[in-house]
Amino acid sequence: MDGELEIGLTSAAFFDWYLDYTRLRGIFLQELPAPSESGPEILDVGFGTSEIPSSLFHDGYHFVTAIDVSAESVRLAQQRRSSEQKSLQFLQMNATRMSFPDECFHAVFDKATLDTLLCSHQGAAEAYLSEVFRVLQPGGIFLLISHSGPAERLPYLLRLNSAQEAIRPWKVQVAQLPKSDGGDLDPHEGEDDRANSCFWLFLCTKPPVNSESF
């Protein structure tokens, strides 16, 4: 699954947890830099059986790197990759200890990976978010899809030090995504009530160089 869980996989069809590409395509096209011959460089963390990396490629985003802790997920994804998708990379890698250099991606995408880590090991979640911040270029974006809202996720995304300053000073925008296609959200619901009717999108922008604050 696209939450970095080692599971028994076969050559089954693609499966996306939470939301599939058709539900997220508009967000990608709006928020990602326009594709060109040299980029943008996009990292998909914990892709599992997701079709999102290949779907991004078909939409012109040819520089997608997808990582997962599962060797079987990587093997199947490489097997599915077509001959024209040579720039689409599938790598086995632990998201808490990425081997990429600093500031090498324009965008990082996560759908269920942070949620999975927080269910098992909060220390691993902190290491993962630090890695995401490290590999993002200044001005780059972290697109996070979570089942939990701002009250539960912002403390991890920002993490305050003893002076109550954010260690990861993202500019964070939050939106709600209905779980069902075409579903409507009740504006009178509280955050706890919405947990059963929506997912949450966190659009986190890394400060550009020489930015003092947001």
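Note on numbering: residues in each chain are counted from 1, in written sequence order. pLDDT decides what is reported in this predicted model: residues at 70 or higher carry local features, side-chain atom pairs at 80 or more are listed and counted, and totals for whole chains, interfaces and linings draw on all residues regardless. By convention in this description, side-chain values take in all heavy atoms of the structure and omit both hydrogens and water.

Asker: Provide a residue-level description of the overall build of the chain, including the pertinent values.
Answerer: Secondary structure summary: the chain contains 7 helices and 7 strands in total. Element order for the chain, N to C, with α for helix and β for strand: α-β-α-β-α-β-β-α-α-β-α-β-α-β. Contact criterion: two residues are considered in contact whenever any of their non-hydrogen atoms come within 4.5 Å of each other. Long-range pairs, those at least 24 residues apart, make up 75% of the contacts in the chain with a sequence separation of at least 6. Total accessible area on the chain is roughly 10,400 Å²; 50% of this is exposed by carbon and sulfur atoms. By the criteria applied, helices consist of DSSP H or I runs no shorter than four residues and strands consist of E runs no shorter than two, each listed in order from the N terminus. Residue exposure ignores everything except the shown protein chains as possible cover, and the areas themselves are Shrake-Rupley values with a 1.4 Å probe.

Asker: Give me the pairing of strand β4 (residues 105–111): which residues, what numbers.
Answerer: Most of β4 sits out of view: 6 of its 7 residues are buried. Strand direction decides the pairing type here: strand β1 (residues 42–45) and β4, joined by 4 bridges, are parallel. Following the sheet pairing, L43 is matched in β4 by V108. Here β4 runs beside strand β5 (residues 136–146); their pairing, made up of 6 bridges, is parallel. Across the sheet, residue V108 finds its bridge partner in β5, namely F142. Each residue gets one of three labels from its accessible area relative to the maximum for its type: buried under 20%, exposed over 50%, partly exposed in between, using a 1.4 Å probe on protein chains only. DSSP-based pairing: two strands are paired if at least 2 bridges between them are found.

Asker: Now, about the side chain of S70: what can you tell me, with residues and values included?
Answerer: Structurally, S70 is set in the loop between β2 (64–68) and α3 (71–80). Throughout this description, a polar contact denotes any pair of N or O atoms lying within 3.5 Å of each other; where both atoms belong to protein, one of them has to be capable of donating a hydrogen while the other can accept it, and for residues adjacent in sequence the pair is counted only when both atoms sit in side chains. Of the polar contacts made by the side chain of S70, one reaches the backbone nitrogen of S73; its length is 3.0 Å.

Asker: Could you give me a rundown of the pattern of salt bridges, with the residues and numbers involved?
Answerer: The salt bridge criterion pairs a side-chain nitrogen of Lys or Arg with a carboxyl oxygen of Asp or Glu, the two atoms within 4 Å. Evaluated as defined, the whole model comprises 8 salt bridges. Between K111 and D16 there is a salt bridge, with the nearest N and O atoms lying 3.0 Å from each other. Linking K111 in strand β4 with D16 in the segment before α1 (21–31), this pair joins segments that are 95 residues apart in sequence. Note on K111: relative accessible area 2%, which makes it buried. Taking the shortest distance from any N to any O, the salt bridge between D115 and R153 comes out at 3.0 Å. Placement of the pair is D115 in helix α4 (residues 113–120) and R153 in helix α6 (residues 150–158), with a sequence separation of 38 residues. According to the relative accessible area criterion, R153 is buried, its value standing at 5%. Beyond isolated ion pairs, a larger network of salt bridges with shared partners links D102, E131 and R134.

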